[in-house]
Amino acid sequence: MNAASDLNPAELAALLHFYADAGVEWLVDDEPVDRIAQFEAQKAARAQAKAPASTRERSPQDGASSASNGGSAPSRRPGAAAPPPATTAPVSVPAGQAVEAARSAANAAGSLAELKTAIETFHGCNLKNSARSTVFASGDPTSGIAIIGPMPNADDDRDGAPFSGRAGDLLDRMLAAIGLSRDGVLMTNVIPWRPPGNRMPSAAEMDICQPFIERQIMLARPKALLLLGNFPARFFIGGNGTIHTMRGKWQTVSFAGMEIPALATFHPQELLATPANKALTWQDLLAFQHGLQ
């Protein structure tokens, strides 16, 4: 195995990018951890807990420790190494407080530029701790058209822009086929940070991010939404249907006193995996084009 010192800067950067794309969140802990001693201590604690109360070994130090914390701490086998101190990892604000903080930050933004700054400086969502970039909207917010995906993927996270990489190239061709371009529409995601390993956001993470995407829509005031994939379709339209049952039909999205027509179709990443759905997507794009007239 090569050591980091054996790699040149370009090779090291490529390796780190590979780890990030694979969903690795932390390469090293803040403090060294003796895993062998930790395992021995845990094994001793389990053995001691299973022993009859009359035979459990107890030292003066153990008694003092138990008395100080109400007797909840397990006793430790004499001579066994103590567990290493816990390392500190980024901890988010409790979900309820984070949602309120996100709503306050979003509502205070009077423009998309201010909202972008608010999201970039927000630290109440753990997704931000593992993401490389905050991926905000791009394109023309005055176009009246918003194209919304679920969350950044590895390409978006690397480039700091929505719909990057192969999926973005395919989306460019899809838009061009109905007379649109990425510079002529507003392009964004429901979630501004890539979840580790491209996992789905938790319910708490979705609640924290919701005020930001809603504020984006309120500030841009689009006249039509094109929702790409299951996640945005369920987020805006509601229900538990799949994109196969929700696609191709105009629906009305209502929030904050606005009613916006929305149409859902497949995400370009899904089309790369299942090209057979391109025919259905073309039908949806034609319906979207017709609805804009």
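Right above here is the structure, for reference.
This text gives an overview of the structure that appears in the document.

### A short note on the overall build of the protein
- When helices and strands are counted, the protein shows 13 helices and six strands.
- For the protein, buried positions account for 37% of its 293 residues.
- The contacts of the protein with a sequence gap of at least 6 include a subset with a gap of at least 24, amounting to 69%.

### Brief notes about the sheet that holds strand 3 (residues 186-189)
- With mixed pairing, six strands are arranged side by side in an open sheet as 1-3-2-4-6-5. Bordering the open sheet on either side are strand 1 (138-139) and strand 5 (251-255), each of which pairs with just one other strand.
- Inspection of the sheet shows strand 4 (residues 224-228) paired to strand 6 (residues 258-265) by four bridges, in the parallel sense. Paired with L225 across the bridge in strand 6 is A262.
- With respect to the sheet, helix 9 (residues 203-220) is in contact with strand 2 (145-149), strand 3, strand 4, strand 5 and strand 6, its orientation differing from that of strand 3 by roughly 165°.

### Notes on the packing of helix 5 (residues 112-120) against helix 9
- Contact geometry for helix 5 and helix 9: axes closest at 10 Å, N-to-C directions at 170°. The angle between helix 5 and helix 9 falls in the class roughly antiparallel. Here L112, L115 and I119 of helix 5 lie close against helix 9, whose contacting residues are F212, R215, Q216 and L219.
- Split into classes, the residues belonging to the contact of helix 5 with helix 9 amount to five nonpolar, one polar and one charged.

### Side note on the pairing of strand 3
- Judged by which residues are buried, strand 3 turns out to be covered on both faces: L186 and T188 on one side and M187 and N189 on the other are all buried.
- Pairing between strand 1 and strand 3: two bridges, direction antiparallel. Counterpart to G139 in the pairing with strand 3 is L186.
- Bridging between strand 2 and strand 3 involves four bridges; their strand directions are parallel. Along strand 3, the bridge assignment pairs I148 with T188.

### Describing the packing of helix 9 against helix 10 (residues 230-237)
- Where helix 9 meets helix 10, the closest approach of the two axes is 12 Å, and the angle between their N-to-C directions is 80°. Accordingly, the angle class assigned to the pair helix 9 and helix 10 is roughly perpendicular. When helix 9 is examined against helix 10, the residues M206, Q210, I213 and I217 are found in contact with a partner set consisting of F231, F235 and F236.
- The class makeup of the residues in the contact of helix 9 with helix 10 is six nonpolar, one polar and no charged.

### Thoughts on the packing of aromatic side chains
- This structure, assessed with the given rule, holds four aromatic pairs.
- Where F122 meets F212, the ring centres are 5.2 Å apart and the plane angle is 75°; that geometry is what we call edge-to-face. Pair noted here: F122 is in the loop between helix 5 and helix 6 (127-130) and F212 is in helix 9, with a separation of 90 residues, a long-range link.
- Note on W250 and F288: the rings are 5.5 Å apart at their centroids and 15° apart in plane angle, and the pair reads as stacked. Residue W250 is located in the loop between helix 11 (243-246) and strand 5, and its partner F288 is located in helix 13 (residues 278-292); the two are separated by 38 residues in the primary sequence.
- Ring pairs connect the aromatic residues F231, F235 and F236, which therefore count as one cluster.

### A short note on the environment of G248
- For G248, the location among the structural elements is in the loop between helix 11 and strand 5.
- For G248, a relative accessible area of 29% corresponds to the partly exposed category.
- Between the alpha carbons of G248 and L286 there is a distance of 9.4 Å; along the sequence they are 38 residues apart.
- Ignoring anything within four residues of it in the chain, the contact list for G248 reads L263, A264 and D284.

### Focus on the pattern of salt bridges
- Scanning all chains against the criterion turns up seven salt bridges.
- A salt bridge links K116 to E120; the shortest N-O distance between them is 2.5 Å. Separated by four residues within a single helix, K116 and E120 lie in helix 5, roughly one turn from each other.
- On the accessibility criterion, K116 (34% relative accessible area) is partly exposed.
- Given the relative accessible area of 33%, E120 is considered partly exposed.
- For D155, the salt bridge identified is with R158, shortest N-O distance 2.9 Å.

Cut-offs and rules
Residues numbered from 1 in each chain as written. Predicted model: local features only at pLDDT ≥ 70, side-chain atom pairs only at ≥ 80, totals over all residues. Heavy atoms only, no water. Helix = DSSP H or I, 4+ residues; strand = E, 2+ residues; numbered from the N terminus. Buried < 20%, exposed > 50% of the residue type's maximum accessible area, 1.4 Å probe, protein only. Contact = heavy atoms within 4.5 Å. Pairing = 2+ DSSP bridges. Axes fitted to C-alpha atoms, helices over the stretch in contact; angles between N-to-C directions. Parallel < 35°, antiparallel > 145°, perpendicular 65-115°, else oblique. Nonpolar A, V, L, I, M, F, W, Y, C, P; charged D, E, K, R; others polar. Phe/Tyr/Trp six-rings, centres within 6.5 Å; stacked < 30°, edge-to-face > 60°. Salt bridge = Lys/Arg side-chain N within 4 Å of Asp/Glu carboxyl O.

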